Amino acid sequence: MAEELRRTGLYDLHVAQGARMVPFAGWEMPVQYPMGVMAEHLHTRDKAGLFDVSHMGQVLVHPLDGDLDSAGAALETVIAAAVLGLPEGRQRYGLFTNERGGILDDLMFANRGDHYLLVVNAACAEQDIAILQGLSGVKVTPVTDRGLIALQGPKAAEVLARLLPAAAEMRFMDSRSLDWNGVDLWLSRSGYTGEDGFEISVPNDCLAAFAQALLDHDEVAPIGLGARDSLRLEAGMPLYGHDMTGDVTPAAAGLGWAISKARRADGAREGGFPGAATVLAELADGVSHTRRGLRPEGRAPIREGVQIFAEAEGGAPIGDVSSGSFGPSVGGPIAMARIPVDLADGATVFAELRGKRMPVTVTALPFITPSYKR
């Protein structure tokens, strides 16, 4: 029998809003609403979109000895990022790696004073929690009584400040707890769209009420997974399981920037995470292929798995597309692929579709200019 799909605390709200629900990473999630993917995408870029991301894993990591640095040091044995030294009230992006240096998952982690809050991908949550539970000296608590929503777009801060005035003071990657009608909300000023915005962890018993309070503002519309994907693709953001996998290293995924100086060769805490020798060697010496942007000619998108060639005829593939779609804000098809690093931006390569090769232009990422609140 097929595994029963889980539902978030906003399932009834999605149905009431006319969402088309689809299976996603073991959950029943809204892929689009009556507005449609294109309009949802453009609404988020213009005003504010509300996303249900409650399927993602939220995990608390407490030090058993009460010293947060001991928990940070433990996390650094499995995460290829600088956990130690992250100031209280700040959040950072990181990567779980395997012994080959491949990426097991990407995550956000925040310093909440006496513990860390981690947010991991839904499809990887069980794996990630098992990795964390294997650490010594920490208490790992999966959060099961809260949902997670994201409010994204140029009007997000203005709308949220009507409910939570202190949210307007937050900077990009700040992490805070704020009170809403006696309810403790966990906020970060971050997201997955390239727009300014917030991710908000809300207790399940008032999740629908808080989401509805946001939707009551004219600037806010519900947004599904379809537009979330095109928004993140335009912003040049990789998706786990597509642009990065256990066989793709940080350098090949274009994510070397996530590994700070302290964890690199000759850094204060060099290596110490799975696959560090491979990862650090590639960061120092370079890789042959890495994630790049592509702009096909015409209107037809090139999808994941399409092979890329250097020439219009003959030759072996030089890479394949890892994400591809139509970019509503860009006004044309866009894609990302791991292709040779020595190809200059503006170079022409060829995508093979149904036996025919079409020219595509190598393009710098992201495809749009992000609008984060610094």
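Heads up: the structure comes first, above all this text.
Thresholds, definitions, all that
Residues numbered from 1 in each chain as written. Predicted model: local features only at pLDDT ≥ 70, side-chain atom pairs only at ≥ 80, totals over all residues. Heavy atoms only, no water. Phe/Tyr/Trp six-rings, centres within 6.5 Å; stacked < 30°, edge-to-face > 60°. Helix = DSSP H or I, 4+ residues; strand = E, 2+ residues; numbered from the N terminus. Buried < 20%, exposed > 50% of the residue type's maximum accessible area, 1.4 Å probe, protein only. Lys NZ or Arg CZ within 6 Å of the ring centre and 35° of its normal. Contact = heavy atoms within 4.5 Å. Axes fitted to C-alpha atoms, helices over the stretch in contact; angles between N-to-C directions. Parallel < 35°, antiparallel > 145°, perpendicular 65-115°, else oblique. Left-handed = near helix turned anticlockwise from the far one by under 90°. Nonpolar A, V, L, I, M, F, W, Y, C, P; charged D, E, K, R; others polar. Core = buried A, V, L, I, M, F, W, Y, C linked by side-chain atoms within 4.5 Å.

Undergrad: What's the story with the packing of aromatic side chains in this structure? I'm lost.
TA: Within this structure, the stated rule accounts for 3 aromatic pairs. An angle of 75 degrees between the planes, with centres 4.9 Å apart, marks the rings of Trp 180 and Phe 210 as edge-to-face. Taken as a pair, Trp 180 in strand β11 (residues 175-180) and Phe 210 in helix α6 (residues 207-215) lie far apart in primary sequence, 30 residues in all. Relative accessible area serves as the criterion here: at 0%, Phe 210 is assigned to the buried category. One cation-aromatic arrangement involves Arg 7 over Tyr 11; the distance from NZ or CZ to the ring centre is 3.8 Å. When the ring centre of Phe 309 is taken as reference, the NZ or CZ atom of Arg 357 above it lies at 3.6 Å.

Undergrad: Is there a simple way to think about helix α2 (residues 37-46) in this case?
TA: The periodicity of an α-helix, 3.6 residues per turn, causes residues three or four places apart in sequence to face the same way. Those residues of α2 not exposed but buried are Glu 40, His 41, His 43, Thr 44 and Arg 45. Packing partners of the buried residues in α2 comprise β3 (27-32), β4 (48-52), β10 (146-152), β14 (220-222) and α7 (225-234).

Undergrad: Looking at this model, I keep getting lost on the packing of helix α5 (residues 156-163) against α6. Mind explaining?
TA: For any two helices packed against each other, the geometry comes down to the angle between their axes and how far apart the axes lie. Viewed as axis vectors pointing N to C, α5 and α6 meet at an angle of 125 degrees, and their least axial separation amounts to 10 Å. By the angle class used here, α5 and α6 are oblique. The way α5 lies across α6 gives a crossing that is right-handed. Contacts from Val 159, Leu 160 and Leu 163 of α5 reach α6 at Phe 210, Ala 213 and Leu 214. The class makeup of the residues in the contact of α5 with α6 is 6 nonpolar, no polar and no charged.

Undergrad: Hey, could you run me through unusual backbone geometry in this one?
TA: Working note: non-glycine residues mostly have negative phi, and peptide bonds are mostly trans. The linkage connecting Leu 365 with the following residue, Pro 366, adopts the cis geometry, with an omega of 0 degrees. For Pro 366, the position within the fold is in the segment after β20 (356-363). Of note, the phi angle at Ala 25 is positive, near 50 degrees, even though the residue is not glycine. Here Ala 25 lies in the loop between β2 (20-24) and β3. Residue class for Ala 25 comes out partly exposed when judged on its relative accessible area of 36%. One non-glycine residue, Asn 181, lies in the positive phi region at around 50 degrees. Along the chain, Asn 181 falls in the loop between β11 and β12 (183-188). We classify Asn 181 as exposed; its relative accessible area is 67%.

Undergrad: Explain the nonpolar core here, please?
TA: In globular proteins that are soluble, nonpolar side chains generally tend to be buried together. Core analysis: the largest hydrophobic core is formed by 29 residues, its most contacted members being Leu 160, Leu 187 and Phe 210. Broken down by secondary-structure element, the contributors of at least two residues to this core are β4, β10, α5, β11, β12, β13 (197-203) and α6. Sorting elements by how many residues they give to this core places α6 first, with 6 residues. Not counting the four nearest positions on each side in its chain, Leu 187 is found in contact with Leu 160, Leu 164, Ala 167, Met 170, Asp 174, Ser 175, Arg 176, Leu 178, Phe 198, Glu 199 and Ile 200. Of all hydrophobic cores here, the second largest spans 24 residues; its members include Ala 81, Phe 96, Tyr 116 and Val 138.

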